[in-house]
Structures are given as C-alpha cells and as structure tokens.
Amino acid sequence: MMISFTGPGSTNSAGRSILQAQGVTVADNGAIAGGAQCSRALLYLRQTLLTPEERRRSVLDAMQYAVTVGVTTHLDQGAFQATNTTADGAAHEDNYTMHIPFLEVYDQGKGLIRTRINFLHMESDPNTPELAQRLKNAFPFLGNDMVKTGGIGEFIAAGTNPAPPQNSPFLDAARRVARANWRAEVHSLGRRTTQNPNKPDFEFELDGFLAAEAERPGVVRAQRWVIAHVPGVHQDWLDRLEKIGGNLSLTGWQYLAGGFPSTALDAPYAGPPFRMIVDTSRRPNGIHVGMSSDGMQIAPMNPWLHMYFATTGLNTLGVLINPKQQITRQEVLSLYTRQNGWFLREEDDLGSIEEGKLGDLVVLNSDYFAVPDEDLKKIRSVLTVVGGNVVHDGGVLDLRG
Ligand SMILES: [Zn+2]
C-alpha cells in the first residue's frame, strides 16, 4: 500500500476502482503517487478494513513471518501518534490502543513469539503532560514471559531529529524519566553535514542523558538507557556516553537506505561504525551494544540482511558504503542474541542457549559460519522453538521420537 512513510503505493484493478470512487488518483497501471494520494488511500483502507479481527490477523501474520526468519523476541517501539486524518502515514498508529490486538492474541494462547512493548512519547509541549501521566500511571517491565511492557522509547519527547530546535522539551523529558526511575530509549539519525553543521541529535541526546545524570546520578547506567541506530557517531561521543553508562542499539538499515554520505563533514561511512562501537564495548565498563532493525517500513525485520550489512559493509546494490567498519559473524550474532537480552533486562532468561534460560532456539537451513557472504541473506529457520514449543516447522527435520 505504502512504501516507507508516505508512499508511493500501488493497487490492482479492483482496488483502483474502489479508491478512485474515494477521490484517490490511481494511474492506469495501479500506481498511486506518494504523499496526499497515498495517504488518502491509506486512511480510507484503515477506516473501512482495519477491524479488530483484521488487526489480530495482522499480528499473527507478522509473527508467522518472524518465526521463518528466526526472530523469537520482538521489541515494539510504538508509532507516531495517529490523527485519523490524511496526515497519517504508514508509521502512524494510536499509541493507546495499538497493542490491544497483540494482547488479545496472547490471551487466546496464539502468540508465537515474545513481544516487549516500549511507550513512545513525542510531545512538543514543554511540560510533556502526556509523558508525565504515563510515568505516573503505567508500569514498566510488567507482564509475563511472552508479553510485557518495557520503558519509554524510542522517543521521550519531540525535537531531536535530526537537529534539535531551540526550546525542545527533550532535556526536561529526560529529567522527568530519570526522576521516575524508568528506562529511556531514543534514536539518533543525524550527523554533521555541510547542510547541517549544528549539533546533531546524538550530541543533543547526550546532553539530555547528562541532564538526567545531574539530577539523579547513576540513573543512565542503572536503568540501562540507550540510543538506537547511530549511523554517524564518533569515538569522542562514544567515550562520553561510556562515562555515564549509556548504551547503543545498532541497525543495518543503511543496507536499503544508504549511500555514501557525500555531505558528511566528519563521518566518512554510511554507518553505524560497527567496528569502532564493538571495539569500544570491549573496554572495561564499556557501553553495552545490541542489534535491532527499526520499523518495518524503514528496514526489513529479516535479521540476516542486517547481519550481511554489518559483516560486509555492502548495500543492496553491492556498493561498499561502510568501509573499515565491518564486524565478524560471531560478533553480530552476539549483538542480535546474547547482548540483546541485556537491553530487555532479561539477560538471565533470553539470548543464549543455556540451562535455566527460556527454551528459545532456531535451526537454520545452512551453516551461518560457513556460507559465502551473499548466502547470508538466504538464511532461514527450518525449526523455531519458543519456550520449548515448536512454533515453526519447515518440514525439513524429522521430529519424531
Ligand atoms: Zn528510529
């Protein structure tokens, strides 16, 4: 329906006649222009077809896909708050109701993989009243092994992306989250460029973390605060983050989106700088590092594409856009599994196959450590087990006896 945040999209002949009746411009070949036309079509479809049943079916579709690519736990980072107008794009949802179908699926005993839910807040009001009420009235890390809440993220307030405006409520929001002793997660996409020589979002977020530390010393380390994505970070930024116990969640989304950042002033790679970050994480009291994907309209859920990018630096066109920052297969596998458990405060239960941990594992269709680079992208699960239950059987293994 909609590529990325606002289209373009396309439809078949049946959809074309329905959408045209709604005033949407659809080309003879079914193409719908990105922006207003695509948004109008999306709003119509959401208002007519997105019933509770359909939402539950979509949850199961996503889970059924996840188990085929070997994903057994998913951290949901919320959405941009929907307005139920054509201003909404693919990444908009109602943050207050969007998880109800997930909870219903788990209530019905049909949940295949584990879900962890962060609360996203992106207010521009300097008093962040919504965040204030969330911190008073919700419970972090509440739930069971299959589904539970997390912290505030991946935004705590508006105004960091990619360069913060004056009077952003971000610093106050960081202090507020710290006072409540919650975990905070934010994202960073910015870098210094010739168009944007000002302080990029990472440095601004670091200021927010430091403001939180000043008010409540030790909160960043104790509550495991994290900055995600981080394509354009530098060693001195990492050093400053390390000092206060901050942490990073990396993504390989540049595999699809990235070209060489020709306008970069001081980051000669597409990022994230995997090598620099993983090496930094090895120091005593180093930052914790995990790996993630970002929203599915930005990057694929399929972890093997992200792992391909992290280990080769090649984008989908085969162009080396992240030179000298490659990490090993062992390293990225650890980021995606063992290290991620820590970010959920579940390192004693998730992330590695050990006695006493939850029984989550996958059997792959080829040898991850032996296949050529290009074949990394073709890796799939032939058997996925969650909590000791087989949730995906590719029919390859003989499970009798
Ligand atoms: Zn993000």
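As a reminder, the structure under discussion sits directly above these lines.
All of these numbers come straight from a predicted model, not from anything done at the bench. (Residues numbered from 1 in each chain as written. Predicted model: local features only at pLDDT ≥ 70, side-chain atom pairs only at ≥ 80, totals over all residues. Heavy atoms only, no water.)

**Q** It is not clear to me how the coordination of the zinc ion should be interpreted in this structure. Could you clarify?
**A** Think of it this way: four donors in a tetrahedron around the metal ideally sit 109.5 degrees apart, and six in an octahedron ideally sit 90 or 180 degrees apart. For the zinc ion, the full set of protein donor atoms is Glu154 (OE), Glu154 (OE), His187 (ND1) and His229 (NE2), at a range of 2.1 to 2.6 Å. Each of the four donor atoms bound to the zinc ion contributes to angles spanning 50 to 125°, and the resulting shape is irregular. Ordering the donors of the zinc ion by residue number gives the pattern E-x32-H-x41-H. Pair noted here: glutamate 154 is in the loop between β7 (147-152) and α6 (170-179) and histidine 187 is in strand β8 (residues 185-188), with a separation of 33 residues, a long-range link. Each member of the pair, glutamate 154 as well as histidine 187, carries the same accessibility label: buried. (Donors = N, O, S within 2.8 Å, 3.2 Å for Na, K, Ca; no water. Tetrahedral: all angles 85-135°; square planar, octahedral: opposite > 155°, others 65-115°. Helix = DSSP H or I, 4+ residues; strand = E, 2+ residues; numbered from the N terminus. Buried < 20%, exposed > 50% of the residue type's maximum accessible area, 1.4 Å probe, protein only.)

**Q** Just checking my understanding: could you explain the pairing of strand β10 (residues 247-251) for this structure?
**A** Working note: regular strand, side chains alternate between the two faces of the sheet. In terms of burial, β10 is a largely internal element, five of the five residues being buried. Both faces of β10 are covered, namely the face carrying Asn247, Ser249 and Thr251 and the face carrying Leu248 and Leu250. For strand β9 (residues 226-229) and β10, the ladder comprises four bridges, and the chain directions are parallel. Counted as the bridge partner of isoleucine 227 is leucine 248 from β10. Crossover β9 to β10 through helix α9 (residues 235-243) is right-handed. Sheet topology note: the β10/strand β11 (residues 289-292) ladder contains four bridges and is parallel. Along β11, the bridge assignment pairs threonine 251 with serine 292. (Pairing = 2+ DSSP bridges. Right-handed = clockwise from strand over helix to strand, strands pointing away.)

**Q** Looking at this model, I keep getting lost on the sheet that holds strand β3 (residues 73-76). Mind explaining?
**A** Note on sheets: strands pair through backbone hydrogen bonds, and any given pair is parallel or antiparallel. Reading across from one edge, β3-β6-β7 is the order of the three strands in this open sheet, with parallel pairing throughout. Each of the sheet's edge strands pairs with one partner strand only, and the pair in question is β3 and β7. Pairwise comparison of adjacent strand axes, ignoring direction, gives a mean angle of 20° for this sheet. Where β3 meets strand β6 (residues 114-119), four bridges bridge the pair, whose relative direction is parallel. Each bridged residue has a counterpart across the sheet, and for aspartate 76 the counterpart in β6 is isoleucine 117. (Axes fitted to C-alpha atoms, helices over the stretch in contact; angles between N-to-C directions.)

**Q** Before we go on, may I ask you to explain the packing of aromatic side chains in this structure?
**A** Remark: the centre distance and the inter-plane angle together describe each pair of aromatic rings, the angle taken between the planes. Counted under the stated rule, the structure contains 11 aromatic pairs. Aromatic pair phenylalanine 202 and tryptophan 237: ring centres 5.3 Å apart, planes at 15°, arrangement stacked. On the criterion of sequence distance, the pair formed by phenylalanine 202 in helix α7 (residues 201-215) and tryptophan 237 in helix α9 is long-range, its members being 35 residues apart. Note on phenylalanine 202: relative accessible area 0%, which makes it buried. Relative to phenylalanine 369, the ring of tyrosine 368 has its centre 4.9 Å away and its plane inclined at 70°; by these criteria the two rings are edge-to-face. Looking at tyrosine 368, the relative accessible area reads 5%, which means it is buried. When its relative accessible area of 47% is taken as the criterion, phenylalanine 369 is described as partly exposed. (Phe/Tyr/Trp six-rings, centres within 6.5 Å; stacked < 30°, edge-to-face > 60°.)

**Q** Even after reading the chapter, I still don't get the sheet that holds strand β13 (residues 381-386), so can you show me in this structure?
**A** Strand order in this open sheet of three strands is β12-β13-β14, and the pairing throughout is antiparallel. In this open sheet, the two edge strands, each paired with only one partner strand, are β12 (361-364) and β14 (389-393). Direction aside, neighbouring strands of the sheet carry axes that sit 15° apart on average.

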